[in-house]
Amino acid sequence: MRDPAHRLLAQLWLALGDPAQAKHHALAAYTWAWADGEPYVRRYELTQTTELLRQMNVPIPNLRPTTPPRTRSCRGKMRCARPSKKLRAEEEAEGSREAQGKVNGARFPRSRS
């Protein structure tokens, strides 16, 4: 199985009298239920698994919350990332076409100031 129901397997192994297998699956169930940490836990599964671990006299793991990756501030700019060389070349070409009076392949007369 790719993602077995660890809490239910832990209860099954406990009922069958194999505490080592029950502990293994109960800890795996706790880790899965913890997810990204408070407040992003799978509350029902975490509560049920915590009770199961207490019933088995297994210490509750002290898991750290997952921190989101840091991102730099844009300081009000529309784009944070640097444009690629290709994009810069396209923008420069577009700018030169506009300066010549060509937009999208059409030729427009320059306005005289």
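Here the structure is a predicted model, which is why all the values come from computation and not from measurement.

The subject of this paragraph is helix H1 (residues 6–16). Among the residues of H1, those classed as buried are His-6, Arg-7 and Ala-10. All buried residues of H1 project into a common sector of 100 degrees when viewed along the axis, lining one side. H1 presents Ala-15 and Leu-16 as exposed residues on the side facing more than 90 degrees away from its buried surface. Residues of H1 that are buried sit in contact with helix H2 (19–34) and helix H3 (43–55). Just downstream of H1 lies Gly-17, where phi reads positive at about 90 degrees.

A word on the environment of Ala-28. With respect to the element layout, Ala-28 can be found in helix H2. For Ala-28, a relative accessible area of 23% corresponds to the partly exposed category.

You can see Thr-50 is positioned in helix H3. Thr-50 gets classed as buried once you look at its relative accessible area, which sits at 12%. A polar contact of 2.6 Å, which involves the side chain of Thr-50, links it to the backbone oxygen of Leu-46. What Thr-50 contacts, discounting residues up to four positions off in sequence, is Tyr-30 and Ile-60.

What counts, and at which threshold
Residues numbered from 1 in each chain as written. Predicted model: local features only at pLDDT ≥ 70, side-chain atom pairs only at ≥ 80, totals over all residues. Heavy atoms only, no water. Buried < 20%, exposed > 50% of the residue type's maximum accessible area, 1.4 Å probe, protein only. Helix = DSSP H or I, 4+ residues; strand = E, 2+ residues; numbered from the N terminus. Arc of directions from axis to C-beta. Contact = heavy atoms within 4.5 Å. Polar contact = N/O pair within 3.5 Å; in protein donor to acceptor, adjacent residues only side chain to side chain.

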